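# Structural description and commentary
Residue-level listing of the chains:
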Amino acid sequence: SVTYSSGNWLPFTDNLKNNHAHQLHLITQLTNDIQQEALYFDIQPQVDLLTRQIIGGEVLVRWNNDKLGQVSPAEFIPLAEQTGLIYKLTDLLLEKVFQWAHQHPHALLNKRLSINISALDLLQEDFAHRVSLLIQRHRLSPQTFTIEITETSVFQNNAIVHDNVKQLHQAGFKLAIDDFGVGYSSMQNLVALQTDELKIDQFFIMSLLEDAQSQILCRNMIDLSKALNIISVAEGIESEGILQLLQDWHCQVGQGYHLYRPMSPADYLALLNKKVPPL
Ligand code: C2E
Ligand code: CA
Ligand code: CA
Ligand code: CA
């Protein structure tokens, strides 16, 4: 049972207050920096696990604030979702990524680029339409872009979400379900949303060498994708041992610190140009 002795209570409320003040500070700064279009992005290369060649990369948002320093998206994306800032953030990111892709066409030559969007974005009725217009305006081909979404409770039979996904598909975008195997991910959605790609949650990949259950679940997710003709992607690959295991199981695409860390778009371009032999 919980006891509210003053010794426990005071530090607890102190923490709460600090936390609350900290969050307000974050929100104020984030609002301002989105307004100033100061957010930017890194790209983490993704490799074909059979050949270990780079097949493209995942765009990851970055925020470096004057007062707060570098803040992790794991911290500010949930805040952006809670405050409605996410819509502007997504628009800003899409604009920046498409602009960059337009300026560096060889970054997308035989390569794809994955972009994360929030499930909340898909609740906006005109989302797919706006993204299609935006990509047309930058004269890019949707076929080279994969949109990554994490399933949430929002997905349960939501007509707006399903319409948006259908329209994005019709426009030519690919669709990936992120963080599969935890939370709300469902097999029904995999099929109903005509998913092109399944990203196995890092949690399973990271515990692969120690945890027999992760092995079973991971193998089954790979086999399931194969049976449904969906590309399987493993992220969070931090060792050669894990890479080998995933290769043995015929997981198709890999991502992780053992292969490449997220890097600036300039470094990504340099990497593509170097044509370094794979690991
Ligand atoms: P995510 O989409 O699952 O992205 C993968 C995260 O794992 C990234 O963290 C990446 O840097 C990290 N990672 C990749 N390989 C490894 C590895 O081998 N070991 C470890 N420990 N970590 C690895 P990051 O960049 O901090 O992003 C965190 C989350 O924030 C993302 O998880 C995604 O949910 C969200 N996010 C990032 N960028 C965006 C964005 O542009 N829009 C939205 N809506 N969400 C984003
Ligand atoms: Ca992702
Ligand atoms: Ca993920
Ligand atoms: Ca995630």
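As named in an unreviewed UniProt entry, the protein chain is EAL domain-containing protein, taken from Marinomonas profundi.

Counting its secondary structure elements, the protein chain contains 10 helices and nine strands. For 279 residues, the compact-globule estimate of 2.2 N^0.38 gives 19 Å, and the protein chain sits close to it at 20 Å. Each of the three principal axes of the protein chain carries a C-alpha extent, and together these read 60 × 50 × 40 Å. Evaluated residue by residue, the protein chain yields a buried proportion of 44% over its 279 residues. Sequence separation of at least 24 residues holds for 68% of the intrachain contacts in the protein chain that already meet a minimum separation of 6. Accessible area for the protein chain stands at about 14,300 Å²; split by element, carbon and sulfur atoms hold 53% of it. A distance of 7 Å separates the average location of the 19 positive side-chain charges in the protein chain from that of its 30 negative side-chain charges.

This paragraph deals with the site of ligand 1. Contacts to ligand 1 come from 21 residues, most closely from Arg-62, Asp-178, Gln-202, Glu-238 and Tyr-257. Asp-179 has a polar side-chain atom sitting 3.4 Å from an oxygen atom of ligand 1. Note that an oxygen atom of ligand 1 is positioned 2.7 Å from one of the backbone N or O atoms of Tyr-257. Here ligand 1, which alone exposes 800 Å², has 83% of that area covered by the protein. A molecule is said to occupy a pocket when more than half its atoms come within 2 Å of that pocket's grid points, and by this definition ligand 1 occupies the largest pocket. Residue assignment for the shell around ligand 1 shows that the elements contributing at least two residues are strand 2 (54–65), helix 2 (73–83), strand 6 (174–180) and helix 7 (202–206). When residues in the shell around ligand 1 are grouped by element, the largest group, four residues, is from strand 2. Tallied by class, the residues present in the shell around ligand 1 amount to nine nonpolar, six polar and six charged.

Below, the discussion takes up the coordination of the calcium ion (ligand 2). The coordination sphere of the calcium ion (ligand 2), as far as protein atoms go, consists of Glu-58 (OE), Asn-116 (OD1), Glu-148 (OE) and Asp-178 (OD), spread over 2.2 to 2.4 Å. Counting gaps between the donor residues of the calcium ion (ligand 2) yields the pattern E-x57-N-x31-E-x29-D. By relative accessible area, which is 32% here, Asn-116 ends up partly exposed.

We now examine the side chain of Asp-178. Assignment of secondary structure puts Asp-178 in strand 6. Lys-199 is the oppositely charged side chain nearest to the buried, salt-bridge-free Asp-178, at an N-O distance of 4.7 Å. Once residues within four sequence positions are removed from consideration, Asp-178 is found in contact with Asn-116, Glu-148, Ile-149, Thr-150, Lys-199 and Glu-235.

Gaps left between atoms are located by rolling a probe of water-molecule size over the structure's atoms. Considering only enclosed or pocket space, the largest pocket measures out at about 970 Å³ in volume. Together, 39 residues line the largest pocket, and Glu-58, Leu-60, Pro-73, Asn-116 and Asp-178 are the ones closest to its centre. Of the residues assigned to the lining of the largest pocket, the class counts are 20 nonpolar, 11 polar and eight charged.

In a regular helix each residue adds 1.5 Å, so 16 residues correspond to 22 Å; helix 8 (residues 212–227) covers 23 Å between its end C-alpha atoms and thus fits that length. Of the positions making up helix 8, those classed as buried are Ser-214, Cys-218, Met-221, Ile-222 and Ser-225. Looking down the long axis of helix 8, one finds its buried residues gathered within 95° of arc, a one-sided arrangement. Turned more than 90 degrees away from the buried face of helix 8 sit Ala-212, Gln-213, Ile-216 and Ala-227, all of them exposed. At its buried positions, helix 8 is contacted by strand 6, strand 7 (197–200), helix 7, strand 8 (231–235) and helix 9 (240–248).

Extensive coverage of strand 6 is indicated by the burial of five of its seven residues. Here strand 5 (residues 145–150) pairs with strand 6 via five bridges, running parallel. Residue pairing in the sheet places Ile-147 in a bridge with Leu-175 of strand 6. Each parallel crossover has a hand, and the one from strand 5 via helix 5 (residues 159–171) to strand 6 is right-handed. Pairing of strand 6 with strand 7 involves three bridges; the strand directions are parallel. The residue of strand 7 that forms the bridge with Ile-177 is Leu-198. One crossover worth recording links strand 6 to the parallel strand 7 by way of helix 6 (residues 187–192), and it is right-handed.

Procedures and definitions
- Residues numbered from 1 in each chain as written.
- Chains lettered and ligands numbered in written order.
- Predicted model: local features only at pLDDT ≥ 70, side-chain atom pairs only at ≥ 80, totals over all residues.
- Heavy atoms only, no water.
- Helix = DSSP H or I, 4+ residues; strand = E, 2+ residues; numbered from the N terminus.
- Rg over C-alpha atoms; globule rule 2.2 N^0.38 Å.
- Buried < 20%, exposed > 50% of the residue type's maximum accessible area, 1.4 Å probe, protein only.
- Contact = heavy atoms within 4.5 Å.
- Areas by Shrake-Rupley, 256 points an atom, 1.4 Å probe, with all protein chains shown as cover.
- Lys, Arg positive; Asp, Glu negative; His and termini not counted.
- Charge placed at Lys NZ, Arg CZ, Asp CG, Glu CD.
- Near = heavy atom within 4 Å.
- Polar contact = N/O pair within 3.5 Å; in protein donor to acceptor, adjacent residues only side chain to side chain.
- 1 Å grid on protein atoms, 1.4 Å probe; cavity = no way out; pocket = protein on both sides within 12 Å on 5 of 7 lines; lining within 4 Å.
- Sits in = over half its atoms within 2 Å of the grid points.
- Nonpolar A, V, L, I, M, F, W, Y, C, P; charged D, E, K, R; others polar.
- Donors = N, O, S within 2.8 Å, 3.2 Å for Na, K, Ca; no water.
- Salt bridge = Lys/Arg side-chain N within 4 Å of Asp/Glu carboxyl O.
- Points joined across faces, edges and corners; volume = space filled by probe spheres on them.
- Expected span 1.5 Å × (residues − 1).
- Arc of directions from axis to C-beta.
- Pairing = 2+ DSSP bridges.
- Right-handed = clockwise from strand over helix to strand, strands pointing away.

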